[in-house]
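One letter stands for each residue in the lines below.
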Amino acid sequence: MKTRGVNSEQTKKTNRLLVLRLLSVTGGASRTELTRRVGLTKMTVSNITADLLRNGILREELPAGQKAPGAGRPQMRLCFTETAPAVIGVWISRDGCTAILADLSLKVLETRFSPLSAGETADLLLERAAGLCGELCGALAPGQPLLGVGVASVGPLDLQRGLILNPPNFGGLRNIPVCAALSSRLHVPVFLENDTNAGALAEKYFGRCSACSNFVYVGLTNGLSAGIVLRDALLHGQHGFAGELGHTVVDPAGERCYCGRRGCLETRVTVSRLLREAEREWGRAFADFGALCRFCGQSAGAEDWLAGQLEPLGLALANLANLVDPDCILLGHEGAGLPDRILERLARRINAEVLAGERAGIRVERSSFGALAAVYGAAAVVLKKVFDGETGYSCFFGEA
Ligand SMILES: [Zn+2]
């Protein structure tokens, strides 16, 4: 029940953020296009963009293909300046730290990577992450503000307290205060999100699912989990642990999982397991999952073998599809390398098993960001906070 009215200052802020978001997700647009898409008056949109032009956030340019003004006034395109605020995304995986500096349209300006070492400690990891962020700050244009840092990490996480709790196969590292440590070093807000949720967020705002209200991003790597978007919002669940697809049971009599139970999906389908099984089957080692996927995409026999290995994933996804009724399922992380024919087979399998049958028409596609949706998503976490008015507002509109 709504118990608070909306005053004009709040409405103004909401409208401004709406226009900013649209400029961000489109990477630039004309006033006419903005007006059409946000459903505000032309005057309101013009006032908002005038503020952004005055504050050095936007500049005007001729649309592509229109070299010079011809007959009639061309529709100028509004796009972000080189000194408009930027964001940093950090992805902490079992392999290392990846960090990007990105603009407001999630275009990557700089990238850094640092592998984790054998004797990694929490302090070392935090130093490493802070070091990468520091290098990226050095790549900011003079006068270009940094809005914040988003961290996407393997879970489980305590999102409220900004902690990486105790990820399995993570060198025994636990209770890492990543948000507090980075914000005290970098003096900007730091936000934490699970890496597959972050992937889903990148797809929702900047990827191929921008028009989907309900979809699932599946991160297949040395673990397996799902970022579930329902009614345009990430599903976190009561404790922030929603989407643990890898620990849904596909074989109750199967192998013991590190979580203590038997036959979790992760005991059957992870990148390391698939590489091991492939070496056994084909008598050769594959450099990485991409190499195995390419191999399986080139021969019918190998494709059948991979489809068989992925059978438990198909089962788990069909179950998930029956529960959440998604428009689309995206395979991401290293799973983005799966061959087209395997995605098609998964789609057929899932659509054959959901109650709605082929009518559901659930699409199975690969991530828009290759294997890197998590780090794009980390940066998108900050942008979403900006769109929601939770951070950075004054960088764009002054102290209004
Ligand atoms: Zn398990």
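Treat the numbers as computed from the prediction; the structure is a model and nothing was measured. Per chain, residue numbering runs from 1 following the sequence as it is written. Restriction of local features to residues with pLDDT of at least 70 applies here, the model being predicted, together with a cutoff of 80 or more for giving and counting side-chain atom pairs; totals for whole chains, interfaces and linings are based on all residues. Side-chain numbers here rest on the full set of heavy atoms in the structure, without hydrogens or water.

## Considerations on the overall build of the protein
Along the backbone of the protein there are 13 helices and 15 strands. Radius of gyration (C-alpha) of the protein: 23 Å, near the 21 Å computed for a compact globule of 400 residues. For the protein, the spread of C-alpha atoms along the principal axes amounts to about 65 × 50 × 50 Å. Throughout, exposure labels follow a simple rule: accessible area from a 1.4 Å probe, protein chains only, divided by the maximum for the residue type, with under 20% read as buried, over 50% as exposed, and the rest as partly exposed. Looking at the protein as a whole, 52% of its 400 residues qualify as buried. Restricting to contacts in the protein with at least 6 residues of sequence separation, those with at least 24 account for 61%. By element, 50% of the accessible surface of the protein is carried by carbon and sulfur atoms, the whole surface being about 18,400 Å². We count Lys and Arg on the positive side and Asp and Glu on the negative side, and we leave His and both chain ends out. For this purpose, a charge sits on NZ of Lys, CZ of Arg, CG of Asp or CD of Glu. Averaged over its 43 positive side-chain charges, the protein has a centre that lies 5 Å from the centre of its 40 negative ones. For the purposes of this entry, the term helix denotes a DSSP run of H or I that reaches at least four residues, the term strand denotes a run of E that reaches at least two, and both are numbered from the N terminus. To get the radius of gyration, use the C-alpha atoms; to get the globule rule, take the number of residues to the power 0.38 and multiply by 2.2 Å. Any two residues whose heavy atoms approach within 4.5 Å at even a single point are treated as in contact. Reported accessibility uses the Shrake-Rupley method at a 1.4 Å probe radius. Residues are deemed covered only where the shown protein chains occlude them.

## Some details on the domain arrangement of the protein
Each domain's extent is set by a domain assignment, obtained either automatically or from a database. Domains assigned within the protein are domain 1 (8-80), domain 2 (86-198 + 374-397) and domain 3 (210-367). A straight line from the C-alpha centre of domain 2 to that of domain 3 covers 26 Å. Taken together, the contact between domain 2 and domain 3 spans 13 residues of the former and 14 residues of the latter. Once two parts are brought into contact, the accessible area they lose, counted with a 1.4 Å probe and summed over both, makes up the buried area. Taken over both partners, the interface formed by domain 2 and domain 3 buries close to 1,100 Å², and the fraction arising from carbon and sulfur atoms is 52%. When the area that domain 2 buries against domain 3 is broken down by residue, the three leading residues are R94, T196 and N197, summing to 47%. In the sections that follow, a salt bridge refers to a side-chain nitrogen of Lys or Arg positioned within 4 Å of a carboxyl oxygen of Asp or Glu. Where domain 2 touches domain 3, the interface holds zero salt bridges. Under the rule applied, a polar contact is a pair of N or O atoms within 3.5 Å (in protein, one hydrogen donor and one hydrogen acceptor; residues adjacent in sequence only if both atoms are side-chain atoms). In this structure, the connection of domain 2 to domain 3 is made through three residue pairs in polar contact (both at pLDDT 80 or more). By residue number, the principal contributor to the side of domain 2 that touches domain 3 is helix α6 (residues 195-206), which donates three residues.

## Some details on empty space enclosed by the protein
We place a 1 Å grid over just the protein atoms. Points where a 1.4 Å probe fits but has no way out form a cavity, open points with protein on both sides within 12 Å along at least 5 of 7 lines form a pocket, and any residue with an atom within 4 Å of a point lines it. Grid points are joined across faces, edges and corners, and a volume is the space filled by probe spheres set on the points. Using the criterion set out here, one finds one cavity of 30 Å³ or more in the structure. Counted as a void, the largest cavity has a volume near 60 Å³. What lines the largest cavity is simply G155, P156, L157, L159, N194, G240, F241, A242 and E244. Grouping the constituent residues of the lining of the largest cavity by class yields five nonpolar, three polar and one charged. Polar here means any residue other than Ala, Val, Leu, Ile, Met, Phe, Trp, Tyr, Cys and Pro, which are nonpolar, and Asp, Glu, Lys and Arg, which are charged; Gly is therefore polar.

## Digging into the packing of aromatic side chains
Only Phe, Tyr and Trp rings are paired, with Trp represented by its six-membered ring, and only when their centres lie within 6.5 Å; those with planes under 30 degrees apart are stacked, over 60 edge-to-face, the remainder tilted. Applying the stated criterion to the full structure yields seven aromatic pairs. Plain terms: the ring middles of W282 and W305 are 6.3 Å apart, the flat faces sit at 80° to each other, and that makes the pair edge-to-face. Taken together, the positions of W282 in helix α7 (residues 271-282) and W305 in helix α9 (residues 300-309) put the pair 23 residues apart, joining distant regions of the chain. When the centroid spacing of 6.4 Å and the interplanar angle of 45° are considered together, the rings of F396 and F397 count as tilted. Of the residues examined, F397 reaches a relative accessible area of 7% and is grouped as buried. Every member of this aromatic cluster is reached through a ring pair, and the members are W282, F286, F295 and W305. Sitting over the ring of Y393, K13 keeps its end group 4.9 Å from the ring centre. As a reminder, the over-ring test applies to NZ of lysine and CZ of arginine, requiring each to be within 6 Å of the ring centre and within 35 degrees of the ring normal.

## Describing helix α11 (residues 340-353)
End to end, α11 covers 20 Å across 14 residues, agreeing with the expected 20 Å (1.5 Å per residue, within 8%). If you check which residues of α11 are buried, you get I342, L343, L346, A347, R349, I350 and N351. Packing partners of the buried residues in α11 comprise α9, α10 (311-324), β14 (328-333) and β15 (363-366). Given the number of residues in a helix, its expected span is that number minus one, multiplied by 1.5 Å.

## A closer look at the pairing of strand β12 (residues 224-230)
Across the seven residues that make up β12, a large majority, six, are buried. Note on pairing: DSSP must find at least two bridges between two strands before they are called paired. Sheet topology places strand β11 (residues 215-220) next to β12; six bridges connect them, and they run antiparallel. Across the sheet, Y217 pairs through a bridge with G227, a residue of β12. Turn length for the β11-β12 hairpin, with the two strands adjacent in sequence and antiparallel, is three residues. Taking the residues that link successive antiparallel strands as the turn, the β12-strand β13 (residues 233-234) hairpin has two residues, and the phi of R231 there is positive, at about 50°.

## As for the coordination of the zinc ion
We call an atom a donor if it is N, O or S and sits within 2.8 Å of the metal, or 3.2 Å for Na, K and Ca. Water is not counted, so some sites may look partial. Each protein donor to the zinc ion is listed here as H247 (ND1), C257 (SG), C259 (SG) and C264 (SG); together their distances run 2.0 to 2.3 Å. In terms of primary sequence, the donors binding the zinc ion are separated according to H-x9-C-x1-C-x4-C. We classify C257 as buried; its relative accessible area is 5%.

## What to know about α10
Compared with an ideal rise of 1.5 Å per residue, which puts 14 residues at 20 Å, α10 spans 20 Å between its outermost C-alpha atoms and is within 8% of the ideal. When α10 is considered as a whole, its buried residues turn out to be P312, L313, G314, A316, L317, A318, L320, A321 and V324. Against the buried residues of α10 lie β11, β12, α9, β14 and α11. Residue D325 follows α10 closely and has a positive phi angle near 50°.

## Structural notes on the sheet that holds strand β7 (residues 146-153)
Taken together, the five strands give an open sheet; going across it, the order is β6-β5-β4-β7-β10, and neighbouring strands pair in mixed fashion. Two strands bound the open sheet, and with one partner strand each, they are β6 (108-115) and β10 (190-194). Each strand of the sheet is rotated relative to its neighbour by a mean of 15°, with strand direction disregarded. Two strands pair when backbone bridges link them, and β7 and β10 are joined in this way by five bridges, in the parallel orientation. From the neighbouring strand, A152 faces β10, where its bridge partner is E193. Under this scheme, a helix contributes an axis fitted over its contacting stretch, all axes are lines through C-alpha atoms, and angles between N-to-C directions fall in the 0 to 180 degree range. Taken strand by strand, helix α5 (residues 178-186) contacts β4 (86-92), β7 and β10, and its axis lies near 150° from that of β10. Most of the contacts of α6 go to β10, to which it runs at about 100°, and overall it touches β4, β7 and β10.

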